[in-house]
Protein chains: 2
Amino acid sequence: MRIIKSINEMQRMSLKMKREGKSIGFVPTMGFLHEGHLRLVDYAKRYADVVVVSIFVNPTQFGPKEDLNRYPRDIEGDCKKLKSRGADIVFIPHTKDVYPEDFQTYVEVFELEKPLCGRFRPGHFRGVATIVAKLFNIVMPDYAIFGKKDYQQFLLIKQMVRDLNFPVKIIGVETVREEDMLAMSSRNSYLSKEEREVARHFAESLYLAQRVYNEGGFKRPVDVVRYVERYLSKFKGIKVQYVELLDALRLKEVRDFSQDMVLASAVFVGSTRLIDNRVLHKRCR
Amino acid sequence: MRIIKSINEMQRMSLKMKREGKSIGFVPTMGFLHEGHLRLVDYAKRYADVVVVSIFVNPTQFGPKEDLNRYPRDIEGDCKKLKSRGADIVFIPHTKDVYPEDFQTYVEVFELEKPLCGRFRPGHFRGVATIVAKLFNIVMPDYAIFGKKDYQQFLLIKQMVRDLNFPVKIIGVETVREEDMLAMSSRNSYLSKEEREVARHFAESLYLAQRVYNEGGFKRPVDVVRYVERYLSKFKGIKVQYVELLDALRLKEVRDFSQDMVLASAVFVGSTRLIDNRVLHKRCR
């Protein structure tokens, strides 16, 4: 497994591989890797000849009051995991090379960035779209693999690729969960033992709402949202930021269950912000 | 010479050429080609194995009150000229394919878009950056050739390429002028005979200012601007939109002549908007 830190070297390497007719699978990450990330590597290997994983904690997707500085890092541990999982190249660029002093160009996906996390994290998705566009131009992947835990990000990147004609196929992979169902996240490492215990009820709330939905227990979209809100209100350690049921493709409000939907939520457990979602399939009559 | 109208076909074609190790030179245009465009084709041929010219009147770079609908078009004439000049592929995409109904992703270069034309054409450079990013992803050029008549556009595209890491080298080509020095432009076709006659004084004003500058005739930057304004004020048929002297790299205001500068101006001759510029080299002491 090769570790590359220079942007130019990575770009030259990718051009060389393309000229040799090798397909490139790409997994962009912010490091502190868990099984969810490694599952993305497995998928990349399935699709492509060469697997490139990037590790870069992207400052432009953090708000001024967010956790950029305390975001967990473990490059050495990450590289070990990636090697044992069969990644071919780890790309770890320096922040000052990614964003030189006179940097001033941003990519923005104006509709899909608005709802859900976009309401509470202004600038976040502009930062995500911009860094992914940059990484696509550097790594030049044929396939890029994203987890569906970040559902809005997954849709937004697909839209960006379509709108800007990137020659990349986006693959979405199901959320990987701990044994008690909590969605894996690098941010789970922030949780104290007590917080970790209560956090499972967050995942539970969405899972149960999905089950009730599948059994026909809800009449209207608002009932689903209220069910989750009521369920979470029982736990003092959980503070809801949003619970929303939106259509699964455009993230627009829904009036009924006649389209696929995403039930998405963000909560705080202590000072740690967690997100999760479940897809509800349209009801056929 | 091959004419391609499908985005997918163009992209597949470019991937194929890249795999064959051929370098691609690209000239993006809005059609109604003149010698200025054809000179860009000459440059592309000099740099690359295959020359792709796109013809697309890009709606997102026109303001609501601008000349999108009356912009001159002559696809047949354009193709004849390109063939005789040795272009290999002409890419003429359909507007509805370039901007499908749910299109919502834009690229923006936030500093370089502000001065000069950016002050008077809000959204223009966002449209330019977005279409060029799209065309780069479709055509995948190794070299892209731009005229320096659109000096701000040339700088802005170079910045976008650097910031978003496009694997493209940007080549700038000197402005091509008519015999009386008027910069070639598709929009010159709007001019009546009388307007065309007076328009030459626009080019003249910048040329003379440059000459006076080179002879040491100006003390301060503002003197250069006033010289051009005073010169143009003599001609009733010319209405100045702006005359500015900015540093030639960042387009920031200058306090003296210690850096390379661009003397740039936009005027109206009748209802036709014309732009032109001259580069003034720094004064060595």
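Residues numbered from 1 in each chain as written. Chains lettered and ligands numbered in written order. Predicted model: local features only at pLDDT ≥ 70, side-chain atom pairs only at ≥ 80, totals over all residues.

All names here are of chain B. Read across the sheet, six strands follow the order β1-β4-β3-β2-β6-β7 without closing on themselves; strand pairing throughout is parallel. Each edge of the sheet is formed by a strand with only one pairing partner; in this case those strands are β1 (2-4) and β7 (169-173). Here the average twist between neighbouring strands, direction ignored, is 25°. As paired strands, strand β6 (residues 143-147) and β7 are joined by five bridges and run parallel to one another. What sits directly across from Gly147, in β7, is Val173. In the packing of helix α1 (residues 7-19) onto the sheet, the strands contacted are β1, β2 (24-29), β3 (50-55) and β4 (89-91), and the crossing angle to β1 comes to about 130°. Relative to β3, helix α3 (residues 75-85) is tilted by about 165°, and along the sheet it contacts β1, β3 and β4. (Pairing = 2+ DSSP bridges. Helix = DSSP H or I, 4+ residues; strand = E, 2+ residues; numbered from the N terminus. Axes fitted to C-alpha atoms, helices over the stretch in contact; angles between N-to-C directions. Contact = placed C-beta atoms within 7 Å.)

Let us look at the domain arrangement of chain A. Residues and elements named next belong to chain A. Domain boundaries assigned for chain A yield domain 1 (2-173) and domain 2 (186-278). Computed from C-alpha atoms alone, the centre-to-centre distance between domain 1 and domain 2 is 26 Å. Listed by partner, the interface residues are 13 residues for domain 1 and 13 residues for domain 2. For the side of domain 1 that touches domain 2, the secondary-structure elements that each account for two or more residues are α5 (117-120) and α7 (151-164). A per-element tally of the side of domain 1 that touches domain 2 places α7 first, with three residues. (Domains from an automatic or database assignment.)

All names here are of chain A. Strand order across the open sheet formed by six strands is β1-β4-β3-β2-β6-β7, with parallel pairing between neighbours. In the strand order of this sheet, the two ends are held by β1 (2-4) and β7 (169-173), each with one partner. For this sheet the average axis-to-axis angle between neighbouring strands, irrespective of direction, equals 25°. Taken together, the six bridges between strand β2 (residues 24-29) and strand β3 (residues 50-55) define a ladder with parallel strand orientation. Its bridge partner lying in β3, Phe26 is registered against Val52. Here helix α3 (residues 75-85) sits on the sheet in contact with β1, β3 and β4 (89-91), set at roughly 165° to β3.

Here the focus is unusual backbone geometry. Of note in this structure, A:Asn165 is not a glycine but carries a positive phi near 60°. At B:Met181, a residue that is not glycine, the phi angle is positive and equals roughly 90°. Structurally, the position occupied by B:Met181 is in the loop between β7 and α8 (193-214).

Moving on, we get to the relation of the copies chain B and chain A. Its rotation angle being 180°, the transformation that places chain B on chain A also includes 0.0 Å of axial translation and leaves an RMSD of 0.0 Å. When the rotation and shift are considered jointly, the pair of chain copies conforms to a two-fold rotation axis. The share of interface residues of chain B whose copies in chain A are also at the interface is 100%, consistent with both copies meeting through the same surface. (Least-squares fit on C-alpha atoms with pLDDT ≥ 70 in both.)

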